[in-house]
Amino acid sequence: MSDNPAYLRNVWYMAAWSSEVQGEALLRRRLLGDPVVLMRKSDGAIAAMVDRCPHRFAPLSQGTREGDTITCAYHGLTFGADGACLRNPFADSVPKGARVRTFPVIERGSIVWFWPGDPALADPAMIPDFE
């Protein structure tokens, strides 16, 4: 994410309604001015990552999803929900540094919250209670 000083980083923000992140669909959002892709993993949890392949900056949300991975439509690099590049279709190894930034995400009630700041400071007790 950009370091736009107009936004506080170490706070929880609403990213989506829970009902918007369903099935195998990828949900693209612009959060704090930056592209983010959300997906519901096979275990029911939600993952959020920067919607930009680190290789040629293509939107991952335009790629294909298989299980808990997203394959970039541009060159076919495959990324796990943890942001790690898992597969390079053109070599036996993945490119060094091929990782997508991920964000802590918590689903509370009908709201999906994401934390754009330091992941070590993401305290779920700081999420506003709207129930």
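Since the structure is predicted, the reported quantities are computational estimates derived from the model, not experimental observations.

(A) Region of the structure containing the pairing of strand E3 (residues 34–40). Taking burial as the measure, the seven residues of E3 include seven buried ones, the bulk of the element. Burial along E3 is two-sided: the face carrying Asp 34, Val 36, Leu 38 and Arg 40 and the face carrying Pro 35, Val 37 and Met 39 are both buried. Relative to E3, strand E2 (residues 27–31) runs antiparallel, the two being bridged by five bridges. Across the sheet, the residue bridging to Leu 27 is Leu 38, located in E3. The hairpin formed by E2 and E3 contains two residues between the paired strands, and Leu 32 there has a positive phi angle of roughly 55°. Where E3 and strand E4 (residues 46–50) come together, five bridges link them in antiparallel fashion. The residue of E4 that forms the bridge with Leu 38 is Ala 48.

(B) Structural context of the packing of aromatic side chains. In this structure the tally under the stated criterion is four aromatic pairs. When the ring of Tyr 13 is compared with that of Phe 114, the centres are 6.3 Å apart and the planes differ by 40°; the resulting orientation is tilted. Of this pair, Tyr 13 sits in strand E1 (residues 13–17) while Phe 114 sits in strand E11 (residues 111–114); the two residues are 101 residues apart in sequence, bridging distant segments of the chain. With a relative accessible area of 1%, Phe 114 lands in the buried category.

(C) Molecular detail of the sheet that holds strand E7 (residues 78–80). Judged by pairing direction, the sheet is antiparallel, and its four strands sit side by side in the order E5-E6-E7-E8 without closing on themselves. Unpaired on one side and paired on the other, strand E5 (64–66) and strand E8 (85–87) mark the two borders of the sheet. The average undirected angle you get between the axes of adjacent strands in this sheet is 35°. Bridge analysis of E7 against E8 gives two bridges, and the strand direction is antiparallel. What sits directly across from Phe 79, in E8, is Cys 85.

(D) Geometry of the pattern of salt bridges. Under the criterion given, the structure shown has five salt bridges. Between Arg 65 and Asp 68 there is a salt bridge whose closest N-O contact spans 3.7 Å. By relative accessible area, which is 16% here, Arg 65 ends up buried. Three or more residues joined by partner-sharing salt bridges are found here, namely Glu 24, Arg 65 and Asp 68.

Calculation notes
Position numbers for residues start from 1 in each chain and track the written sequence from start to end. Reporting of local features is limited, given that this is a predicted model, to residues whose pLDDT is at least 70; pairs of side-chain atoms are given and counted only at 80 or more, and all residues count toward the totals for whole chains, interfaces and linings. Processing note: side-chain calculations cover all non-hydrogen atoms of the structure and skip hydrogens and water entirely. Partly exposed residues are those whose accessible area sits between 20% and 50% of the maximum for their type, while under 20% is buried and over 50% is exposed, using a 1.4 Å probe and protein chains only. A run of DSSP states H or I qualifies as a helix once it reaches four residues; a run of E qualifies as a strand once it reaches two. Both are numbered from the N-terminal end. A pair of strands is considered paired only if DSSP assigns at least 2 bridges between the two. We call Phe, Tyr and Trp rings a pair once their centres come within 6.5 Å, taking the six-membered ring for Trp, and we label the pair stacked below 30 degrees between planes, edge-to-face above 60, and tilted otherwise. Under this scheme, a helix contributes an axis fitted over its contacting stretch, all axes are lines through C-alpha atoms, and angles between N-to-C directions fall in the 0 to 180 degree range. One side-chain nitrogen of Lys or Arg within 4 Å of one carboxyl oxygen of Asp or Glu is enough to make a salt bridge.

Everything listed here is a matter of geometry and, on its own, says nothing about what the molecule does.
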